[in-house]
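What the coordinates show
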Amino acid sequence: MSKLLTVFGATGLQGGSVIKYILGHPELSKVFRLRGVTRDVFKASAQTLREKGVEMVQANLNDPPLLIKAVSGSDSVYAMTNCLYPFLPASAAIEIAQGKAVADACVAAGVPQIIWSTLPNTTLMSKGEVRGAEHFDSKAEVEEYIRTLDIKSTFFMAGWLMQNNLGRSKPQFVSPGKYTWWWINLDPDTRIPLMDMRDVGKFISPALLDPELYDKKRLTCATRYYTLQEIADTWTKVTGKNVRLTQSAPSAWPVALQKRLQEMRGLYSVYAYFGPTGPTDLDWTLEQVTEKPTSWEQFVQDHEPWFEA
Ligand SMILES: NC(=O)c1ccc[n+]([C@@H]2O[C@H](COP(=O)([O-])OP(=O)(O)OC[C@H]3O[C@@H](n4cnc5c(N)ncnc54)[C@H](OP(=O)(O)O)[C@@H]3O)[C@@H](O)[C@H]2O)c1
């Protein structure tokens, strides 16, 4: 284990997925030792990672001086931010500051490679037509900043997460055997790129193994594009329950959030999330990876049981 990979968000879904993948990989686990960053090294999830051999260090993305120490000695840093807007307003500036701070820390500490978790710049892509996706644009702004720095950089861009459907977006019970899956008023043929967050390691490992080859490259990450209808139909096929696409939002969804998603509608209906170059970029990325990403059908099977009645 000659190289050190430091992972931000180690206790969360995305960073945790990177760590799990490396630990379980017969070759990568021999190449990389792991350091995980958390704000609280005493929390249970941090302790669990430590028991698995991950060095856990305390740092906060809002505290730049601590970040240099957290990344020191790393060969690669997986950097991500988690500002939960549109749930919390006005945090684009915070996310941009956090992303730039972690990149600056990597440069200051002489880290050779950063992998930044980015998203498309929706305002640029749509010439201002798509609004409400500040949490995309802020990550894209950090990406642009990193491209100017003296460090090898690769950009991991996740599609719409299959895991969203385990939480707030889970189909709602209507009557025994019948469920509805809500999407903002989009045509059932609208295509979205779906990604299983368990697959982050599959997508970034080529860049980890060859930072030079993937320098300044963007990995457009999804299994493939699925239509909304196909997503609903897959639940029906796998679970045996009738899952129907609906345009009526579940009552639990806050009205402000529904409005925000309506604003973002064009990102899906016109720009299919990744934008016009998405299909070509996705094909290129899939040519780079050696392991097949998880299909939506497989994800649904893996997460049974979905429904009680
Ligand atoms: N949902 C989607 O479809 C989708 C698609 C693409 C991208 N994304 C992006 O994915 C991100 C969320 O990732 P996730 O699902 O992995 O989140 P998550 O499971 O909620 O985990 C968040 C992680 O961030 C860490 N963290 C939060 N604030 C921090 C701070 N100030 N300093 C240091 N660490 C901090 C937390 O660590 P501790 O609590 O241990 O400190 C935790 O490990 C968001 O930025 C979102 O925009 C989502």
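Before reading further, recall that the structure is shown in the block above.
Because the structure is predicted, anything quoted here is derived from the model rather than measured. Every chain is numbered on its own, with residues counted from 1 as its sequence reads. For a predicted model such as this one, the threshold for reporting local features is a pLDDT of at least 70, and the threshold for listing and counting side-chain atom pairs is 80 or more; totals across whole chains, interfaces and linings nevertheless cover every residue. No hydrogens and no water enter the side-chain calculation; it runs on all heavy atoms of the structure.

Quick look at the environment of Pro293 now. Relative to the helices and strands, Pro293 resides in the loop between helix H12 (278–288) and helix H13 (296–302). The exposure class assigned to Pro293 is buried, which follows from its relative accessible area of 16%. Linking Pro293 and Ala256, residues 37 residues apart in sequence, is a C-alpha distance of 34 Å. Here a residue-residue contact requires only that any non-hydrogen atoms of the pair lie within 4.5 Å. Ignoring sequence-local partners within four residues, the contact set of Pro293 consists of Asp199, Lys202, Phe203, Ala222, Thr223 and Leu286. Starting at the N terminus, helices and strands are each numbered in turn, a helix being any DSSP run of H or I of at least four residues and a strand any DSSP run of E of at least two. Categorising residues by exposure relies on relative accessible area from a 1.4 Å probe, with only protein chains included: less than 20% of the type maximum marks a residue as buried, more than 50% marks it as exposed, and the intermediate range marks it as partly exposed.

Right, let's get into the site of the ligand. Proximity criterion: a residue is near a molecule or strand once any of its heavy atoms comes within 4 Å of it. In the vicinity of the ligand lie 26 residues, with Thr11, Gln14, Thr38, Arg39 and Thr81 positioned nearest. Between the ligand and Leu13 there is a distance of 2.8 Å, counted from an oxygen atom to a backbone nitrogen or oxygen. Measuring from a nitrogen atom of the ligand, one finds a side-chain N or O atom of Asn60 at 2.9 Å. Methods summary: accessible areas were calculated by the Shrake-Rupley approach with a probe of 1.4 Å, and residue burial reflects only the protein chains presented. Considering the ligand on its own, with 950 Å² of exposed area, one finds that the protein chains cover 82% of that surface. Of all the elements in the fold, those that place two or more residues in the shell around the ligand are helix H1 (13–24), helix H5 (92–108) and strand S7 (160–161). In protein, a polar contact requires one atom able to donate a hydrogen and another able to accept it; more generally it is a pair of N or O atoms within 3.5 Å, and residues adjacent in sequence count only if both atoms are side-chain atoms.

Moving on, we come to the packing of H5 against helix H7 (residues 134–147). Fitted lines through C-alpha atoms give the axes, limited to the stretch in contact for helices. The angle between two N-to-C directions lies from 0 to 180 degrees. At a closest axis distance of 9 Å, the pairing of H5 and H7 adopts a crossing angle of 25 degrees. For the element pair H5 / H7, the angle class is roughly parallel. Seen along the crossing, H5 lies across H7 with a hand that is right-handed. Contacts from Ala92, Glu95, Ile96, Gly99, Lys100, Ala103 and Asp104 in H5 reach Glu134, His135, Ser138, Lys139, Glu141, Val142, Tyr145 and Ile146 in H7. Classifying every residue of the contact of H5 with H7 gives 6 nonpolar, 3 polar and 6 charged. The cut-offs work like this: below 35 degrees is roughly parallel, past 145 is roughly antiparallel, 65 to 115 is roughly perpendicular, and the gaps in between are oblique. By convention, the crossing between two helices is left-handed when the near helix turns anticlockwise from the far helix through less than a right angle, and right-handed when the turn is clockwise. Just so you know the grouping, Ala, Val, Leu, Ile, Met, Phe, Trp, Tyr, Cys and Pro go in nonpolar, Asp, Glu, Lys and Arg go in charged, and all remaining residues, Gly too, go in polar.

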